[in-house]
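# Residue-level structural notes
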2 protein chains.
Amino acid sequence: MTGASIDLGQVHDAAAARLRVADQRYTSGRRELVELLASTGRPATIPDLLEARPKLTQSSVYRNLAMLEEVGVVQKVVSSDDRARFELAEDLMGHHHHLICVSCGRVDDFVVSSRAERSIETVLGNAISDTGFRASGHRLDVVGTCADCN
Amino acid sequence: MTGASIDLGQVHDAAAARLRVADQRYTSGRRELVELLASTGRPATIPDLLEARPKLTQSSVYRNLAMLEEVGVVQKVVSSDDRARFELAEDLMGHHHHLICVSCGRVDDFVVSSRAERSIETVLGNAISDTGFRASGHRLDVVGTCADCN
DNA sequence: GCTCGGAATGGGAACAGTTCTCGTTGGGCG
DNA sequence: CGCCCAACGAGAACTGTTCCCATTCCGAGC
């Protein structure tokens, strides 16, 4: 169900390039974060990341995620609990949506057909055309309870 | 653009009834919150509410919003900034979507045609049918920059 | 290979939003 | 009229996140 796995080398190259534009280095800590997020297949919380790589420290993870978000390598995802979650940016991961469990806060990815995406875009474009709002994208999340929470 | 205004009396009746089921009173503070949320037409932050009704106190607003959420009268909305926003529950407000400004965090409501809603529901139903996830609804938000933020 | 300068790091303090605590208030019922 | 307990108000406590600063690391130039 989770889309075809992505090319890690390509992701690293893109991350390095985007950081370089901002005069930032692609350090080992940042590389680890990107690698983790690329392999998880689901938005991760900071505790998730710290647990997966105990060598990482909290303040650096926060700082590096903020930097990676700023240069467009990762993006923040909000769920129903109060921890931020992070995933690779859409242009690295592919456009997708989230299943948000209101019971445990877990977030999973899913995709819909590109035809369905186009019709959603059209509907949204019509709906907001007279609001002065400039859309940069959409978030279509399904809320409910995950299989584990039954 | 904001849908037809809702029947305030009906909202109060529903709120009172849902609280009563949970052995809770519909106190003046709670009534004020419901009234504010019904009149705002856009999800409100706690500071918004405190400013609109200086008589309300912060701790009571938090406590009462939590209670009203628990009995299904209001719901929490997350935006891009880190303040929670609240609006009346969907069955009191009508189903709608949000325009989320990534620059200032402001959130506005908009609606799409019921035909479009049905097709979205169908698409989502197909996409998650084999995940074990039980959907209770969806959130379709448009992110971008509002007219004020240009 | 060595040194220097600036970027990144790590640990902890500071901060903001939210939740909890507890003594007080007040509405409803006997 | 008085009792009881839910709700209130003020502030303390808590939690996730951000900031600070001394130390470490990396890369460029010698």
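Remember, predicted model here, so these are calculated numbers, not experimental data. (Residues numbered from 1 in each chain as written. Chains lettered and ligands numbered in written order. Predicted model: local features only at pLDDT ≥ 70, side-chain atom pairs only at ≥ 80, totals over all residues. Heavy atoms only, no water.)

## Here's the deal with the domain arrangement of chain A
Residue and element names in this part refer to chain A.
- Taken domain by domain, chain A holds domain 1 (7-94) and domain 2 (95-150).
- Listed as interface residues are 13 residues of domain 1 and, on the opposing side, 13 residues of domain 2.
- The tally of links from domain 1 across to domain 2 stands at one salt bridge.
- Ionic pairing is found between Asp-108 and Arg-42, a salt bridge with its closest N-O pair at 2.1 Å.
- Between the two partners, domain 1 and domain 2, sit eight residue pairs in polar contact (both at pLDDT 80 or more).
- Elements with a contribution of two residues or more to the side of domain 1 that touches domain 2: β3 (85-88) and α5 (90-93).
- Grouping the amino acids of the side of domain 1 that touches domain 2 by side-chain chemistry returns four nonpolar, four polar and five charged. (Domains from an automatic or database assignment. Contact = heavy atoms within 4.5 Å. Salt bridge = Lys/Arg side-chain N within 4 Å of Asp/Glu carboxyl O. Polar contact = N/O pair within 3.5 Å; in protein donor to acceptor, adjacent residues only side chain to side chain. Helix = DSSP H or I, 4+ residues; strand = E, 2+ residues; numbered from the N terminus. Nonpolar A, V, L, I, M, F, W, Y, C, P; charged D, E, K, R; others polar.)

## A short note on the protein's contact with DNA strand D
- Close contacts around DNA strand D come from 15 residues, with Tyr62(A), Gln24(B), Arg25(B), Thr27(B) and Asn64(B) the closest.
- Counting only atoms of DNA strand D within 4 Å of the protein, the fraction found in sugar and phosphate groups is 66%.
- Contacts to DNA strand D include Thr57(B), whose side-chain N or O atom sits 2.9 Å from a phosphate oxygen.
- In this structure, a phosphate oxygen belonging to DNA strand D sits 3.0 Å away from a side-chain N or O atom of Ser60(B).
- When residues of the surface near DNA strand D are traced back to their parent elements, those giving at least two are α4 (58-70) of chain A together with α4 (58-70) of chain B.
- Considering every element that reaches the surface near DNA strand D, the biggest residue donor is α4(B), with four residues.
- A per-class count over the surface near DNA strand D returns two nonpolar, eight polar and five charged. (Near = heavy atom within 4 Å.)

## Side note on the sheet that holds β3(A)
Residues and elements named next belong to chain A.
- Pairing in this open sheet of three strands is antiparallel, and the strands run β1-β3-β2 from one edge to the other. A single partner strand is all that each edge strand has here, and the edge strands are β1 (44-45) and β2 (74-77).
- Of the strand pairs in this sheet, β1 and β3 are connected by two bridges, and their pairing is antiparallel. Across the sheet, Ala-44 pairs through a bridge with Phe-86, a residue of β3. (Pairing = 2+ DSSP bridges.)

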